[in-house]
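Given next are the chains, with one letter for each unit.
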Amino acid sequence: GAVVSQHPSWVICKSGTSVKIECRSLDFQATTMFWYRQFPKQSLMLMATSNEGSKATYEQGVEKDKFLINHASLTLSTLTVTSAHPEDSSFYICSASSRQHNQPQHFGDGTRLSIL
Amino acid sequence: SQQGEEDPQALSIQEGENATMNCSYKTSINNLQWYRQNSGRGLVHLILIRSNEREKHSGRLRVTLDTSKKSSSLLITASRAADTASYFCATDASSYKLSFGAGTTVTVRA
């Protein structure tokens, strides 16, 4: 199956730091990538949809200036959590889609972000 | 946003038994997908069932879809310890975005 690599897998940093998370599709061209946030023992909440070469579309309630998304190529999308605070601590997961009808999304292994 | 509900929230079974979990959703869909998530990991795609399909099999997995009731079920037969995970249904209604259910945590006891 398709492989999506997400890096780093975990990060611990001080409050006020900006953190960048990378999501790469290794063996297919991902026209669209999605960024999710997951709290412990809860489901995935879609944060934003990232289309190659265009601005990301954010879900309601997600701060665009806090969560910067860049999708510069068909194989790479990045999520930058700017000026992170403890409440931003969470599990962030990306997925990639070729936008073909009735095809599944392919997920990265997630990034555990802990802000001290 | 979440449009689906899953039940049960948690399920504990003995190795070798079958596990069944259900998913309900609210709007019309293009397809419904089931994913597995091991603790602290990403999601692994299990099965995609299209809106015009009623049943689909993959190995020990069987998925049904009833669009009139807006519901789906996932059956895992002859469970193994390695099946211990959280299982999520996700609906694709439009724009290729997925809406996830709350998930069912399955524990398979040896």
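Coordinates for the structure precede this section.
The notes below deal with the structure included here.

Calculation rules
- Residues numbered from 1 in each chain as written.
- Chains lettered and ligands numbered in written order.
- Predicted model: local features only at pLDDT ≥ 70, side-chain atom pairs only at ≥ 80, totals over all residues.
- Heavy atoms only, no water.
- Helix = DSSP H or I, 4+ residues; strand = E, 2+ residues; numbered from the N terminus.
- Rg over C-alpha atoms; globule rule 2.2 N^0.38 Å.
- Buried < 20%, exposed > 50% of the residue type's maximum accessible area, 1.4 Å probe, protein only.
- Contact = heavy atoms within 4.5 Å.
- Areas by Shrake-Rupley, 256 points an atom, 1.4 Å probe, with all protein chains shown as cover.
- Lys, Arg positive; Asp, Glu negative; His and termini not counted.
- Charge placed at Lys NZ, Arg CZ, Asp CG, Glu CD.
- Pairing = 2+ DSSP bridges.
- Core = buried A, V, L, I, M, F, W, Y, C linked by side-chain atoms within 4.5 Å.
- Axes fitted to C-alpha atoms, helices over the stretch in contact; angles between N-to-C directions.

1. Examining the overall build of chain B
What chain B contains, in helices and strands, is zero helices and 11 strands. When the helices and strands of chain B are listed from N to C terminus, the series reads β-β-β-β-β-β-β-β-β-β-β. Computed over C-alpha atoms, the radius of gyration of chain B comes to 13 Å, within 12% of the 13 Å expected from 2.2 N^0.38 for 110 residues, which places it in the range of a compact globule. Along the longest, intermediate and shortest principal axes, the C-alpha atoms of chain B span 40 × 30 × 20 Å. Expressed as a percentage of the 110 residues in chain B, the buried residues total 45%. Once local pairs closer than 6 in sequence are excluded, the contacts in chain B between residues at least 24 apart make up 53%. With the model as given, the accessible surface of chain B reaches about 5200 Å², and the carbon-plus-sulfur share is 43%. Put simply, chain B has 13 plus and 10 minus side-chain charges, and the middle of one group is 4 Å from the middle of the other.

2. Things to note about the pairing of strand 8 (residues 76-81) of chain A
All names here are of chain A. Counted residue by residue, strand 8 has five buried out of six residues, so it is predominantly covered. Across six bridges, the pairing between strand 3 (residues 19-25) and strand 8 is antiparallel. Its bridge partner lying in strand 8, Ile 21 is registered against Leu 79. Taken together, the five bridges between strand 7 (residues 67-73) and strand 8 define a ladder with antiparallel strand orientation. Looking at the pairing, Asn 70 lines up with Thr 78 of strand 8. The hairpin turn running from strand 7 into strand 8, its antiparallel successor, is two residues long.

3. Some words on the nonpolar core
Across soluble globular proteins, you tend to see nonpolar side chains buried next to one another. Of all hydrophobic cores here, the largest spans 24 residues; its most connected members are Trp 35, Phe 67, Ile 69, Leu 79, Tyr 92 and Leu 113 of chain A. If you list the elements that add at least two residues to this core, you get strand 2 (10-13), strand 3, strand 4 (32-38), strand 5 (44-51), strand 7, strand 8, strand 9 (90-97) and strand 11 (111-115) of chain A. Sequence-distant contacts of Phe 67 of chain A, defined by excluding residues within four places in its chain, comprise Arg 37, Met 47, Tyr 58, Val 62, Leu 79, Thr 80, Val 81, Asp 88 and Tyr 92 of chain A. If you look at the next biggest cluster of nonpolar residues, it comprises 22 residues, including Ala 19, Leu 46, Ile 47 and Val 63 of chain B.

4. Examining the sheet that holds strand 7 of chain A
Residue and element names in this part refer to chain A. A sheet is described by the order of its strands in space; here four strands give the open sequence 1-3-8-7, paired in antiparallel fashion. The sheet terminates laterally at strand 1 (4-7) and strand 7, the two strands that pair on one side only. This sheet shows a mean twist of 15 degrees between the axes of neighbouring strands, independent of strand direction. Where strand 1 lies against strand 3, four bridges are found, and the strand directions are antiparallel. Within the sheet, the bridge partner assigned to Ser 5 lies in strand 3 and is Arg 24.

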